[in-house]
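Residue-level structure breakdown
These are the residues of each chain, in order.
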Amino acid sequence: AQRVTQPEKLLSVFKGAPVELKCNYSYSGSPELFWYVQYSRQRLQLLLRHISRESIKGFTADLNKGETSFHLKKPFAQEEDSAMYYCALTQQAGSYQLTFGKGTKLSVIP
Amino acid sequence: GAGVSQSPSNKVTEKGKDVELRCDPISGHTALYWYRQSLGQGLEFLIYFQGNSAPDKSGLPSDRFSAERTGGSVSTLTIQRTQQEDSAVYLCASSSGTGGPYEQYFGPGTRLTVT
(Lines give C-alpha, C1' and ligand atoms only; values in the text may rest on other atoms or scores of the structure.)
Protein backbone atom coordinates (compact mmCIF):
# COMPACT_ATOMS: atom_id res chain seq x y z
CA ALA A 1 0.00 0.00 0.00
CA GLN A 2 1.19 3.50 -0.72
CA ARG A 3 1.88 5.83 2.17
CA VAL A 4 3.16 9.36 2.68
CA THR A 5 4.74 10.43 5.94
CA GLN A 6 5.29 13.98 7.08
CA PRO A 7 6.99 13.65 10.45
CA GLU A 8 6.47 17.23 11.62
CA LYS A 9 3.00 18.50 12.47
CA LEU A 10 4.31 21.99 13.12
CA LEU A 11 7.47 23.75 12.03
CA SER A 12 8.34 27.23 13.21
CA VAL A 13 11.18 29.21 11.65
CA PHE A 14 12.28 32.83 11.73
CA LYS A 15 11.88 35.02 8.68
CA GLY A 16 14.96 34.73 6.50
CA ALA A 17 15.93 31.33 7.87
CA PRO A 18 16.07 28.22 5.67
CA VAL A 19 13.08 25.91 5.61
CA GLU A 20 12.92 22.18 5.03
CA LEU A 21 9.62 20.31 5.20
CA LYS A 22 10.19 16.59 5.27
CA CYS A 23 8.28 14.02 3.27
CA ASN A 24 8.94 10.30 2.97
CA TYR A 25 6.91 7.86 0.96
CA SER A 26 6.45 4.17 0.44
CA TYR A 27 5.25 2.89 -2.90
CA SER A 28 6.11 -0.23 -4.83
CA GLY A 29 6.02 1.33 -8.30
CA SER A 30 7.17 4.60 -9.77
CA PRO A 31 5.15 7.39 -8.17
CA GLU A 32 4.65 11.00 -9.05
CA LEU A 33 5.17 13.33 -6.10
CA PHE A 34 3.52 16.67 -5.36
CA TRP A 35 3.49 19.39 -2.75
CA TYR A 36 0.13 21.07 -2.13
CA VAL A 37 -0.31 24.17 0.03
CA GLN A 38 -3.29 25.62 1.86
CA TYR A 39 -3.01 29.23 2.98
CA SER A 40 -5.35 30.53 5.67
CA ARG A 41 -8.95 30.69 4.42
CA GLN A 42 -7.93 29.57 0.94
CA ARG A 43 -8.44 26.32 -0.90
CA LEU A 44 -5.86 23.63 -1.34
CA GLN A 45 -3.64 24.34 -4.34
CA LEU A 46 -0.71 22.75 -6.10
CA LEU A 47 2.68 24.21 -5.18
CA LEU A 48 4.95 22.01 -7.26
CA ARG A 49 5.39 18.53 -8.72
CA HIS A 50 8.62 16.63 -9.05
CA ILE A 51 8.28 15.96 -12.75
CA SER A 52 8.30 19.68 -13.53
CA ARG A 53 11.56 20.35 -11.71
CA GLU A 54 10.38 23.92 -11.18
CA SER A 55 11.02 26.41 -8.40
CA ILE A 56 7.75 27.96 -7.26
CA LYS A 57 7.75 30.90 -4.83
CA GLY A 58 11.37 30.03 -4.09
CA PHE A 59 10.53 26.46 -3.08
CA THR A 60 12.20 23.41 -4.58
CA ALA A 61 11.83 19.70 -3.97
CA ASP A 62 14.05 16.89 -5.17
CA LEU A 63 12.85 13.32 -5.48
CA ASN A 64 15.37 10.97 -3.86
CA LYS A 65 14.34 7.46 -4.86
CA GLY A 66 17.06 5.85 -2.78
CA GLU A 67 15.81 7.47 0.41
CA THR A 68 12.18 7.57 -0.81
CA SER A 69 12.02 11.23 0.13
CA PHE A 70 10.66 14.40 -1.44
CA HIS A 71 11.60 17.15 0.99
CA LEU A 72 10.47 20.73 0.31
CA LYS A 73 13.10 23.43 0.74
CA LYS A 74 13.40 27.18 0.62
CA PRO A 75 16.60 29.06 1.45
CA PHE A 76 14.98 32.12 3.02
CA ALA A 77 11.53 31.89 4.60
CA GLN A 78 9.04 34.71 4.20
CA GLU A 79 6.05 35.53 6.42
CA GLU A 80 3.68 34.80 3.52
CA ASP A 81 4.97 31.22 3.45
CA SER A 82 3.04 30.48 6.63
CA ALA A 83 0.53 27.82 5.63
CA MET A 84 -0.32 24.14 5.78
CA TYR A 85 1.79 22.02 3.45
CA TYR A 86 0.81 18.57 2.21
CA CYS A 87 3.03 16.10 0.43
CA ALA A 88 1.16 13.76 -1.90
CA LEU A 89 1.80 10.99 -4.35
CA THR A 90 -0.08 9.40 -7.16
CA GLN A 91 0.54 6.36 -9.28
CA GLN A 92 1.47 6.52 -12.94
CA ALA A 93 -1.70 4.72 -14.05
CA GLY A 94 -5.27 4.15 -13.04
CA SER A 95 -7.35 6.80 -11.37
CA TYR A 96 -4.47 9.06 -10.27
CA GLN A 97 -6.04 9.71 -6.90
CA LEU A 98 -3.75 11.50 -4.50
CA THR A 99 -2.46 9.90 -1.33
CA PHE A 100 -1.67 12.68 1.10
CA GLY A 101 0.53 12.99 4.13
CA LYS A 102 -1.08 14.47 7.22
CA GLY A 103 0.46 17.85 6.59
CA THR A 104 2.93 20.19 8.23
CA LYS A 105 1.91 23.60 9.47
CA LEU A 106 4.67 26.08 8.71
CA SER A 107 4.78 29.18 10.85
CA VAL A 108 7.25 31.91 9.89
CA ILE A 109 8.04 34.19 12.79
CA PRO A 110 8.64 37.84 11.84
CA GLY B 1 -12.45 31.48 -15.16
CA ALA B 2 -14.53 29.94 -12.42
CA GLY B 3 -12.91 27.35 -10.25
CA VAL B 4 -14.41 24.29 -8.63
CA SER B 5 -17.43 25.20 -6.56
CA GLN B 6 -19.10 23.23 -3.78
CA SER B 7 -22.35 23.63 -1.91
CA PRO B 8 -23.31 24.02 0.79
CA SER B 9 -20.23 25.49 2.43
CA ASN B 10 -21.42 24.29 5.82
CA LYS B 11 -23.92 21.63 6.78
CA VAL B 12 -25.07 20.67 10.24
CA THR B 13 -27.21 17.58 10.46
CA GLU B 14 -28.54 15.24 13.10
CA LYS B 15 -27.21 11.74 13.44
CA GLY B 16 -29.20 9.36 11.28
CA LYS B 17 -30.23 11.90 8.64
CA ASP B 18 -29.15 11.74 4.98
CA VAL B 19 -27.12 14.54 3.41
CA GLU B 20 -26.22 15.53 -0.14
CA LEU B 21 -23.11 17.49 -1.03
CA ARG B 22 -22.71 19.07 -4.45
CA CYS B 23 -19.66 19.74 -6.61
CA ASP B 24 -19.43 21.79 -9.80
CA PRO B 25 -16.10 21.05 -11.50
CA ILE B 26 -14.20 23.35 -13.82
CA SER B 27 -15.88 23.38 -17.21
CA GLY B 28 -14.29 20.88 -19.56
CA HIS B 29 -12.55 18.87 -16.84
CA THR B 30 -13.25 15.21 -17.37
CA ALA B 31 -11.89 13.89 -14.08
CA LEU B 32 -13.60 14.54 -10.75
CA TYR B 33 -12.48 13.42 -7.29
CA TRP B 34 -13.99 13.48 -3.83
CA TYR B 35 -11.75 13.58 -0.75
CA ARG B 36 -12.46 13.80 2.96
CA GLN B 37 -10.39 15.87 5.35
CA SER B 38 -10.83 14.94 8.99
CA LEU B 39 -8.83 15.72 12.10
CA GLY B 40 -7.65 12.24 12.82
CA GLN B 41 -7.20 10.89 9.30
CA GLY B 42 -5.97 13.80 7.22
CA LEU B 43 -6.96 13.89 3.55
CA GLU B 44 -8.44 10.66 2.23
CA PHE B 45 -9.53 9.74 -1.26
CA LEU B 46 -13.17 8.69 -1.58
CA ILE B 47 -14.20 8.30 -5.22
CA TYR B 48 -13.06 9.17 -8.76
CA PHE B 49 -15.03 9.79 -11.96
CA GLN B 50 -13.46 9.95 -15.43
CA GLY B 51 -15.73 10.74 -18.35
CA ASN B 52 -18.26 7.98 -18.94
CA SER B 53 -16.13 5.26 -17.35
CA ALA B 54 -17.24 3.35 -14.27
CA PRO B 55 -16.19 5.29 -11.15
CA ASP B 56 -13.38 4.16 -8.88
CA LYS B 57 -15.20 3.73 -5.55
CA SER B 58 -12.31 2.12 -3.73
CA GLY B 59 -12.02 4.88 -1.13
CA LEU B 60 -15.61 4.96 0.06
CA PRO B 61 -15.56 4.02 3.77
CA SER B 62 -18.94 2.25 3.89
CA ASP B 63 -22.02 1.52 1.83
CA ARG B 64 -23.68 4.55 3.41
CA PHE B 65 -21.58 6.65 1.02
CA SER B 66 -22.43 6.98 -2.65
CA ALA B 67 -21.81 9.47 -5.42
CA GLU B 68 -23.15 10.30 -8.84
CA ARG B 69 -21.92 12.42 -11.66
CA THR B 70 -24.63 13.51 -14.04
CA GLY B 71 -23.89 14.42 -17.65
CA GLY B 72 -20.17 14.27 -17.01
CA SER B 73 -20.28 17.48 -15.00
CA VAL B 74 -21.94 18.09 -11.63
CA SER B 75 -21.41 15.49 -8.93
CA THR B 76 -23.37 14.74 -5.77
CA LEU B 77 -21.95 12.87 -2.78
CA THR B 78 -24.66 11.32 -0.64
CA ILE B 79 -24.18 10.08 2.91
CA GLN B 80 -27.06 8.05 4.30
CA ARG B 81 -27.82 7.62 7.99
CA THR B 82 -25.02 9.98 9.01
CA GLN B 83 -22.84 9.14 11.99
CA GLN B 84 -20.74 11.44 14.14
CA GLU B 85 -17.57 10.03 12.62
CA ASP B 86 -18.72 11.38 9.25
CA SER B 87 -18.03 14.92 10.50
CA ALA B 88 -15.30 16.29 8.26
CA VAL B 89 -14.57 18.67 5.41
CA TYR B 90 -15.49 17.09 2.09
CA LEU B 91 -13.36 18.32 -0.79
CA CYS B 92 -14.02 18.00 -4.48
CA ALA B 93 -11.31 18.32 -7.12
CA SER B 94 -11.28 18.21 -10.90
CA SER B 95 -8.59 17.80 -13.50
CA SER B 96 -8.33 17.80 -17.26
CA GLY B 97 -7.28 15.12 -19.67
CA THR B 98 -6.62 11.45 -19.48
CA GLY B 99 -3.54 9.31 -19.53
CA GLY B 100 -1.60 11.15 -16.87
CA PRO B 101 -1.72 12.56 -13.35
CA TYR B 102 -2.72 16.11 -14.23
CA GLU B 103 -2.96 18.90 -11.65
CA GLN B 104 -6.05 18.61 -9.48
CA TYR B 105 -7.94 21.83 -8.74
CA PHE B 106 -9.74 21.81 -5.42
CA GLY B 107 -12.98 23.36 -4.34
CA PRO B 108 -13.43 25.22 -1.05
CA GLY B 109 -14.99 22.21 0.62
CA THR B 110 -18.17 21.48 2.53
CA ARG B 111 -17.81 21.31 6.30
CA LEU B 112 -20.18 18.62 7.58
CA THR B 113 -21.02 18.46 11.27
CA VAL B 114 -23.09 15.57 12.55
CA THR B 115 -24.62 16.22 15.96
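Let us look at the side chain of Lys-74 of chain A. All names here are of chain A. In this fold, Lys-74 is placed in strand β8 (residues 72-74). Given the relative accessible area of 10%, Lys-74 is considered buried. Among the polar contacts made by the side chain of Lys-74, one reaches the side chain of Asp-81 at a distance of 2.8 Å. With residues up to four places along the chain from it excluded, the contact list for Lys-74 reads Ala-17, Pro-18, Val-19, Lys-57, Gly-58, Phe-59 and Asp-81.

Turning our attention to the state of the cysteines. By the definition in use, this model includes two disulfides over all chains. Across the disulfide, Cys-23 of chain A is cross-linked to Cys-87 of chain A (sulfur-sulfur distance 2.0 Å). Its S-S torsion of approximately -65° makes the covalent link between Cys-23 of chain A and Cys-87 of chain A left-handed. You can see Cys-23 of chain A sitting in the loop between β3 (19-21) and β4 (24-26) and its partner Cys-87 of chain A sitting in strand β9 (residues 83-90), a full 64 residues away along the chain. Overall, the relative accessible area of 0% leaves Cys-87 of chain A in the buried class. The disulfide partner of Cys-23 of chain B is Cys-92 of chain B, and the S-S distance across this bridge is 1.9 Å.

In terms of nonpolar packing, the biggest core is built from 24 residues, with Trp-35, Leu-47, Leu-48, Phe-70, Leu-72 and Tyr-85 of chain A touching the most fellow members. A total of four residues in this core trace back to one element, the largest contributor, which is β9 of chain A. By size, the runner-up hydrophobic cluster in this structure holds 20 residues, among which are Leu-46, Phe-49, Leu-77 and Ala-88 of chain B.

With an omega dihedral of -10°, the bond running from Ser-7 of chain B to Pro-8 of chain B counts as a cis peptide bond. Locating Pro-8 of chain B in the fold gives a position in the loop between β1 (5-7) and β2 (10-13). One non-glycine residue, Lys-57 of chain A, lies in the positive phi region at around 55°. Looking at the element boundaries, Lys-57 of chain A is found in the loop between β6 (45-49) and β7 (60-61). Since its relative accessible area comes to 48%, Lys-57 of chain A is described here as partly exposed. Phi at Arg-81 of chain B takes a positive value of approximately 45°, unusual for a residue other than glycine. The class of Arg-81 of chain B is partly exposed, set by a relative accessible area of 43%.

To continue, consider the confidence of the model for chain A. Close reading of the predicted structure is inappropriate where its pLDDT is low. Here chain A averages 92 in pLDDT, and 100% of its residues register 70 or above. Considering each helix and strand of chain A separately, the mean pLDDT is smallest for β6 of chain A, with a value of 92, and largest for strand β11 (residues 104-109) of chain A, with 98.

Now for the sheet that holds strand β6 (residues 65-69) of chain B. Residues and elements named next belong to chain B. Strand order in this open sheet of four strands is β1-β3-β7-β6, and the pairing throughout is antiparallel. In the strand order of this sheet, the two ends are held by β1 and β6, each with one partner. For this sheet the average axis-to-axis angle between neighbouring strands, irrespective of direction, equals 15°. Judged from the five bridges that link them, β6 and strand β7 (residues 75-79) form a sheet pairing that is antiparallel. Counted as the bridge partner of Ala-67 is Leu-77 from β7.

On to the layout of surface pockets. For the largest pocket, the calculated volume is near 860 Å³. What lines the largest pocket is a set of 30 residues, and nearest its centre among them are Gln-38, Met-84 and Tyr-86 of chain A together with Gln-37 and Leu-39 of chain B. When contributions to the lining of the largest pocket are tallied by element, the ones reaching two or more residues are β9 and β11 of chain A together with β4 (31-38), β5 (42-50), β8 (88-95) and β10 (110-114) of chain B. Its residues assigned to classes, the lining of the largest pocket shows twelve nonpolar, twelve polar and six charged. Roughly 310 Å³ of volume is contained in the second largest pocket. Residue lining of the second largest pocket: 13 residues in total, with Thr-99 and Phe-100 of chain A together with Leu-43, Glu-44 and Phe-45 of chain B positioned closest to the centre. Elements that contribute at least two residues to the lining of the second largest pocket include exactly β1 (3-5) and β10 (99-100) of chain A together with β5 of chain B. Here the lining of the second largest pocket gets three residues from one element, more than from any other, and that element is β5 of chain B. When grouped by side-chain class, the residues that make up the lining of the second largest pocket number five nonpolar, five polar and three charged.

What counts and what doesn't
- Residues numbered from 1 in each chain as written.
- Chains lettered and ligands numbered in written order.
- Predicted model: local features only at pLDDT ≥ 70, side-chain atom pairs only at ≥ 80, totals over all residues.
- Heavy atoms only, no water.
- Helix = DSSP H or I, 4+ residues; strand = E, 2+ residues; numbered from the N terminus.
- Buried < 20%, exposed > 50% of the residue type's maximum accessible area, 1.4 Å probe, protein only.
- Polar contact = N/O pair within 3.5 Å; in protein donor to acceptor, adjacent residues only side chain to side chain.
- Contact = heavy atoms within 4.5 Å.
- Disulfide = S-S within 2.5 Å.
- Core = buried A, V, L, I, M, F, W, Y, C linked by side-chain atoms within 4.5 Å.
- pLDDT = per-residue confidence, 0-100.
- Pairing = 2+ DSSP bridges.
- Axes fitted to C-alpha atoms, helices over the stretch in contact; angles between N-to-C directions.
- 1 Å grid on protein atoms, 1.4 Å probe; cavity = no way out; pocket = protein on both sides within 12 Å on 5 of 7 lines; lining within 4 Å.
- Points joined across faces, edges and corners; volume = space filled by probe spheres on them.
- Nonpolar A, V, L, I, M, F, W, Y, C, P; charged D, E, K, R; others polar.

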